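# A structural walkthrough
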Amino acid sequence: MAIYLDHAATTPMVEACTQAVIRQLKVLGNPSSLHTFGRAARKELERAREIIARHVDCHPSEIIFTGSGTEADNTALKGLFWRGKAHGRNVVVISAIEHHAILDPAQWLTDHEGAEVILLDVDSNGLINLNQVRELLSHRADEIAVISVMSANNETGVIQPISEIVEIASDYGVAVHSDAVQSFGKVPLSFSKLGLTAMTLSGHKIGGPLGIGILVLRKGFDIPALLHGGGQERDIRSGTFNAPSIVGFATAVEEIFLDFVSHSLKVASLRVALESGIAAKMPDAYINGLSADRLPGIVNATFPGTESDTLLLLLDAEGVACSTGSACSAGVQRPSHVLLAMGHTDVSARSSLRFSIGPSNTAEDIAQTLKLLPAVLTRARAANLR
Ligand SMILES: Cc1ncc(COP(=O)(O)O)c(C=O)c1O
């Protein structure tokens, strides 16, 4: 029996979404065309936009469809930087634990646009320090084009104090973006209540299609585009609409919010079962971010004396799919920058695994994983000694 514990990487597409995508794939018409076919396709698309806006708590016109969460992150970071640069602001502030979809464009802005990038530190629980944000703004607010801090971390599930960051930044009129790819659909999230300038979402993390993202961008707050062409989406994201994926995204959103509370409670109870099982059976293991507020479904555990790649492959051979959580570049596994920022050594960061739980997981999945883990650890440790 295969056990899928990698929902932070991608989720199974919910059946209603699959059906909606298939239906829309058969609909002829470019949603930007003025004739009857185009208008009919456009109507479906705008209905989808309204559904999503209702659940994100933003105005429909604040939703910009993109080809992925990565694209939305790039559009936000580069666009907000360019907007700020036009007013003499050259500094980009991000947390040290951002996803590569923010880290890498920030590096690109340094290399190609002369940006100064300031990294916000995190403590051993993976939480940013609000005093560092206050201190930075009190001295350099006039230079800062954008602050980007993720809503919840994809490796540890640790939730960041976004509304507090926005409150501090708004005193100085500094734009704030948050990558909410992991938290949307998992914990309550309201764009308007948070007061953000921009926010990123992705379809495939919530039971929707792969290859569809959203940049939520405050009304009237326009930024330079990455893509130029047909002028769709407030001229910020040109390109013919991916209507099937957009309609599928909205259907997945509707589905997830039907059972939001019961799913969250179920996933959280499975997480607690996994964590207490690890503590009981493997006393030298520890959970990363344990004392912080975390997403219901992510468990990041360090198993001293092991190599995460070996663990992952041994568990996979036993039918359990999880993740090392860190980036794999050209086949070379690097220690996670998130765990390093939390104070791990290279060695301990390389001994960590991420289990991410979804509503389709069962208590048996967790029990089976816990049953397999001790023997897998023994084999992984033996392999590590060779
Ligand atoms: C926090 C975070 N941001 C951005 C992304 C990228 O989203 P996408 O896969 O839609 O490009 C991911 C995906 O892993 C993520 O976890």
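How each quantity is defined
- Residues numbered from 1 in each chain as written.
- Predicted model: local features only at pLDDT ≥ 70, side-chain atom pairs only at ≥ 80, totals over all residues.
- Heavy atoms only, no water.
- Domains from an automatic or database assignment.
- Contact = heavy atoms within 4.5 Å.
- Buried area = accessible area lost by both parts, 1.4 Å probe.
- Near = heavy atom within 4 Å.
- Polar contact = N/O pair within 3.5 Å; in protein donor to acceptor, adjacent residues only side chain to side chain.
- Areas by Shrake-Rupley, 256 points an atom, 1.4 Å probe, with all protein chains shown as cover.
- Helix = DSSP H or I, 4+ residues; strand = E, 2+ residues; numbered from the N terminus.
- Nonpolar A, V, L, I, M, F, W, Y, C, P; charged D, E, K, R; others polar.
- Pairing = 2+ DSSP bridges.
- Axes fitted to C-alpha atoms, helices over the stretch in contact; angles between N-to-C directions.
- Phe/Tyr/Trp six-rings, centres within 6.5 Å; stacked < 30°, edge-to-face > 60°.
- Buried < 20%, exposed > 50% of the residue type's maximum accessible area, 1.4 Å probe, protein only.
- Salt bridge = Lys/Arg side-chain N within 4 Å of Asp/Glu carboxyl O.
- Core = buried A, V, L, I, M, F, W, Y, C linked by side-chain atoms within 4.5 Å.

## Considering the domain arrangement of the chain
Size of an interface: often given as the accessible area lost when the parts come together. Taken domain by domain, the chain consists of domain 1 (15-257) and domain 2 (260-385). If you average the C-alpha positions of domain 1 and of domain 2, the two centres end up 28 Å apart. Facing the 27 residues of domain 1 at the interface are 24 residues of domain 2. Between domain 1 and domain 2, a total of about 2,000 Å² is buried, with carbon and sulfur atoms accounting for 60% of that surface. Per-residue buried area on domain 1 facing domain 2 is highest for Asn125, Glu155 and Thr156; these three make up 33% of the total on that side.

## Some thoughts on the site of the ligand
As a matter of local geometry, the ligand sits amid 13 residues, with Thr70, Asp179, Gln182, Ser202 and Lys205 nearest to it. Within the side chain of aspartate 179, an N or O atom sits 2.6 Å from a nitrogen atom of the ligand. For the ligand, whose accessible area on its own is 390 Å², the fraction buried by protein is 87%. With 3 residues, the single largest contributor to the shell around the ligand is helix 3 (residues 69-85). Taken together, the residues of the shell around the ligand sort by class into 2 nonpolar, 8 polar and 3 charged.

## Description of the sheet that holds strand 7 (residues 198-202)
Across the sheet, which stays open at both edges, the 7 strands sit in the order 2-8-7-6-5-3-4 with mixed pairing between neighbours. In this open sheet, the two edge strands, each paired with only one partner strand, are strand 2 (63-66) and strand 4 (116-120). The mean angle between the axes of side-by-side strands here comes to 20°, regardless of whether they run parallel or antiparallel. Where strand 2 and strand 8 (residues 213-217) come together, 4 bridges link them in antiparallel fashion. The partner of threonine 66 across the bridge, within strand 8, is glycine 213. Helix-sheet contacts for helix 2 (residues 36-56) involve strand 2, strand 7 and strand 8, and the interaxial angle to strand 2 is about 115°.

## As for the packing of aromatic side chains
Under the criterion given, the structure shown has 3 aromatic pairs. Seen from their ring centres, tryptophan 82 and tryptophan 108 are 6.5 Å apart, and the 85° between their planes marks the pair as edge-to-face. Of the two residues, tryptophan 82 is situated in helix 3 and tryptophan 108 in helix 4 (residues 100-113); the sequence distance between them amounts to 26 residues. By relative accessible area, which is 22% here, tryptophan 82 ends up partly exposed. Relative accessible area serves as the criterion here: at 30%, tryptophan 108 is assigned to the partly exposed category. Taking 5.2 Å as the distance between ring centres and 15° as the angle between the ring planes, the aromatic pair formed by phenylalanine 257 and phenylalanine 260 counts as stacked. Using a relative accessible area of 24% as the deciding quantity, one classes phenylalanine 257 as partly exposed. The class of phenylalanine 260 is buried, set by a relative accessible area of 16%.

## Focus: the pattern of salt bridges
Under the counting rule described, the total for this entry stands at 13 salt bridges. Residue aspartate 57 pairs with lysine 193 through a salt bridge whose shortest N-O separation is 3.8 Å. Separated by 136 residues along the polypeptide, aspartate 57 in the loop between helix 2 and strand 2 and lysine 193 in helix 7 (residues 191-194) bring together distant segments of the chain. Owing to a relative accessible area of 28%, aspartate 57 belongs among the partly exposed residues under this scheme. In this structure lysine 193 comes out as exposed when scored by relative accessible area, which is 72%. Among the charged side chains, a salt-bridge network with shared partners connects Arg42, Glu46, Arg49 and Glu233.

## Notes on the pairing of strand 7
Most of strand 7 is tucked away, with 5 of its 5 residues classed as buried. Strand direction decides the pairing type here: strand 7 and strand 8, joined by 5 bridges, are antiparallel. The partner of leucine 201 across the bridge, within strand 8, is isoleucine 214.

## Some thoughts on the nonpolar core
If you look at the biggest cluster of nonpolar residues, it comprises 58 residues, and the most contacted ones within it are Ile52, Val56, Leu137, Ile147, Met199, Leu201 and Phe249. The leading source of residues in this core is helix 8 (residues 243-258), at 7 residues. Discounting residues that sit within four places of it in the chain, leucine 201 has contacts with Val56, Gly69, Ala180, Val181, Phe184, Gly213, Ile214, Val216 and Phe249. Ranked by size, the runner-up nonpolar core spans 27 residues in total, among them Ala301, Leu311, Leu314 and Ile357.

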